[in-house]
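Each chain, letter by letter, is given below.
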Amino acid sequence: MRIMGLDFGSKTIGVAMSDALFWTAQGVKTIKRSKREIDELRELIRDYEVMEIVIGYPKNMNGTLGPRCEMTQEFAEVLRSEFGLEVKLWDERLSTVAAQRTLIEADVSRAKRKQVIDKMAAVFILQGYLDSRSK
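In short, a report on the structure. This is a predicted model, so every value here is computed, not measured. (Residues numbered from 1 in each chain as written. Predicted model: local features only at pLDDT ≥ 70, side-chain atom pairs only at ≥ 80, totals over all residues. Heavy atoms only, no water.)

### Some words on the overall build of the chain
Here is step 1 of the chain: If you tally the helices and strands in the chain, you get 4 helices and 5 strands.
Here is step 2 of the chain: Along the chain, from the amino end to the carboxyl end, the secondary structure elements read β-β-β-α-β-α-β-α-α.
Here is step 3 of the chain: The C-alpha radius of gyration computed for the chain amounts to 14 Å, which stays within 12% of the reference 14 Å derived for 135 residues, consistent with globular compactness.
Here is step 4 of the chain: Contacts in the chain between residues at least 24 apart in sequence constitute 61% of all its contacts with a sequence separation of at least 6.
Here is step 5 of the chain: Split by element, the accessible area of the chain, about 7,700 Å² in all, is 53% carbon and sulfur. (Helix = DSSP H or I, 4+ residues; strand = E, 2+ residues; numbered from the N terminus. Rg over C-alpha atoms; globule rule 2.2 N^0.38 Å. Contact = heavy atoms within 4.5 Å. Areas by Shrake-Rupley, 256 points an atom, 1.4 Å probe, with all protein chains shown as cover.)

In structure tokens, the structure reads:
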């Protein structure tokens, strides 16, 4: 059993998975937003035996909720009804910034950063959630 972390964006969905002990998050893939995204997620949920989903909740820096939060809530409801799993919203403020900084420090080229940034953001979202569970 594992926990899936998602960075839900307008063009892509970054996907991360916990290890079986819920200690670490690893990036899995980036899914292009399309009619097939639910099928791709279903396949990952089955393959990784996912028991729970955590989605980055893009609050504004001052804590208010913007239009992206509403879209994320709607997507979370779709996932709940589609898969029957618990879906949690996790404050993702600065997760993309942290992912970007990590990739820059690792000297990853701009083109390659663009390919993996959403997956890395999903890792930061899920790792934050896993860390909070262990406290």
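After presenting the structure, the write-up continues.
### Some details on the side chain of Glu 92
Here is step 1 of the chain: Note on placement: Glu 92 falls in the loop between strand E5 (86–91) and helix H3 (95–105).
Here is step 2 of the chain: Within the buried core, Glu 92 has no salt-bridge partner, and the shortest N-O distance to an opposite charge, that of Arg 68, equals 7.2 Å.
Here is step 3 of the chain: Setting aside chain neighbours within four positions, we find Glu 92 in contact with Asp 7, Gly 56, Tyr 57, Pro 58 and Ile 125. (Buried < 20%, exposed > 50% of the residue type's maximum accessible area, 1.4 Å probe, protein only. Lys, Arg positive; Asp, Glu negative; His and termini not counted. Salt bridge = Lys/Arg side-chain N within 4 Å of Asp/Glu carboxyl O.)

### What about the nonpolar core?
As a rule of thumb, nonpolar side chains are buried together in soluble globular proteins.
Here is step 1 of the chain: Residues Met 4, Leu 6, Ile 53 and Leu 79 are the most contacted members of the largest nonpolar core, which totals 20 residues.
Here is step 2 of the chain: The set of elements that each furnish at least two residues to this core consists of strand E1 (2–8), strand E2 (12–18), helix H1 (37–48), strand E4 (50–57) and helix H2 (67–83).
Here is step 3 of the chain: In contact with Leu 79, not counting residues within four places along its chain, are Leu 6, Ile 38, Leu 41, Ile 53, Ile 55, Gly 84 and Val 87. (Core = buried A, V, L, I, M, F, W, Y, C linked by side-chain atoms within 4.5 Å.)

### Details of the packing of aromatic side chains
Here is step 1 of the chain: Throughout the structure, instances matching the rule amount to 2 aromatic pairs.
Here is step 2 of the chain: Residues Phe 8 and Phe 75 carry aromatic rings whose centres are separated by 4.2 Å and whose planes lie at 15° to one another, so their mutual orientation is stacked. You can see Phe 8 sitting in strand E1 and its partner Phe 75 sitting in helix H2, a full 67 residues away along the chain.
Here is step 3 of the chain: Residue class for Phe 8 comes out buried when judged on its relative accessible area of 8%.
Here is step 4 of the chain: Aromatic pair Trp 90 and Tyr 129: ring centres 5.5 Å apart, planes at 80°, arrangement edge-to-face. Here the residue Trp 90 occupies a position in strand E5, and Tyr 129 occupies one in helix H4 (residues 110–134), the gap between them amounting to 39 residues.
Here is step 5 of the chain: Over the ring of Phe 75 we find Arg 33, and its NZ or CZ is 5.8 Å from the ring centre.
Here is step 6 of the chain: Seen from the ring of Phe 22, Arg 133 lies directly overhead, with NZ or CZ sitting 5.0 Å from the centre. (Phe/Tyr/Trp six-rings, centres within 6.5 Å; stacked < 30°, edge-to-face > 60°. Lys NZ or Arg CZ within 6 Å of the ring centre and 35° of its normal.)

By themselves, these figures tell us nothing about what the structure is for.
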